[in-house]
Amino acid sequence: MSDTISVEVVYALPEKQEIIPLQLPADSTLMHAVEASGLPEKYPIDLRVGKFGIFAKLAKADTVLRDRDRVEIYRPLIADPKATRVARAEKSAQKKMAGKTAEAAA
């Protein structure tokens, strides 16, 4: 078994994606990889409350990494997904009602 592992740390922004390849000791954790990537110094990433994942599955900071893992740093949501869906549904319902009202008037 090797003494090092290869991992990628990824941080996606609206305009670009940062991918940092790393070689780390075999017993490294997710947080070790995030810190070694240098991304928290480059972007406003709050490590105390941030959300992280490995291959799109949420993971804790103390998760021990495996060779070729892809560590993902998630940005906070800017809108509540549930509230956004409700607003879209209400807008769609209003359009349907407006169309039916226009048909009835014709």
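Everything that follows concerns the structure shown earlier in this document.
Quick summary incoming for the structure in this document.

Calculation rules
- Counting starts from 1 at the beginning of each chain's written sequence and moves along it residue by residue.
- Since the coordinates come from a predicted model, pLDDT governs what is reported: local features require at least 70, and pairs of side-chain atoms require 80 or more to be given and counted, while whole-chain, interface and lining totals use all residues.
- Excluded from the side-chain calculation are hydrogens and water; included are all heavy atoms of the structure.
- One speaks of a salt bridge when a side-chain nitrogen belonging to Lys or Arg is within 4 Å of a carboxyl oxygen belonging to Asp or Glu.
- Runs of H or I in DSSP of at least four residues are treated as helices and runs of E of at least two as strands, each being numbered from the N terminus.
- Residue burial is assigned from relative accessible area. The probe radius is 1.4 Å, only protein chains are included, and a residue is buried under 20% of its type maximum, exposed over 50%, and partly exposed in between.
- Only buried residues count toward a nonpolar core, which is a set of Ala, Val, Leu, Ile, Met, Phe, Trp, Tyr and Cys residues joined through side-chain atoms within 4.5 Å.
- In what follows, residue pairs with any heavy atoms lying within 4.5 Å of each other are defined as contacts.
- What the arc covers is the set of directions going from the helix axis to the C-beta atoms.
- When DSSP finds two or more bridges between a pair of strands, those strands are recorded as paired.

With that settled, consider the pattern of salt bridges. Within the structure shown, the criterion is met by five salt bridges. Between Lys-42 and Glu-18 there is a salt bridge, with the nearest N and O atoms lying 2.9 Å from each other. One end of the pair, Lys-42, is in helix α2 (residues 39–42); the other, Glu-18, is in strand β2 (residues 17–25), with 24 residues separating them in the sequence. Residue Glu-18 is classed as buried on the basis of its relative accessible area of 12%. Of the charged contacts, one joins Arg-48 and Asp-46 as a salt bridge, the two residues approaching to 3.2 Å between their closest N and O atoms. Classification of Arg-48 as exposed rests on a relative accessible area of 75%. Within the structure, one salt-bridge network assembled from shared partners comprises Glu-8, Arg-70 and Glu-72.

Before going further, it helps to examine the nonpolar core. Side chains of nonpolar character tend, in soluble globular proteins, to be buried together. Membership of the largest hydrophobic core comes to 21 residues, with the highest contact counts inside it found for Leu-30, Ala-33, Leu-39, Leu-65 and Ile-73. Residue assignment for this core shows that the elements contributing at least two residues are β1 (4–12), β2, α1 (30–37), β3 (51–54) and β5 (70–74). The contacts of Ala-33, once residues within four sequence positions are left out, are Val-7, Val-9, Leu-22, Leu-24, Leu-65 and Val-71.

Listed as buried for α1 are Leu-30, Met-31, Ala-33, Val-34 and Ser-37. Looking down the long axis of α1, one finds its buried residues gathered within 160° of arc, a one-sided arrangement. Each element contacted by the buried residues of α1 is listed here: β1, β2, α2, β3, β4 (57–59) and β5. One or two steps after α1, the chain reaches Gly-38, where phi turns positive at roughly 80°.

Here we come to the pairing of β1. The sheet contact formed by β1 and β2 spans nine bridges and is antiparallel. Looking at the pairing, Ser-6 lines up with Gln-23 of β2. Examined bridge by bridge, β1 and β5 share four bridges and lie parallel to one another. In the sheet register, Val-9 faces β5, and the bridge partner there is Val-71.

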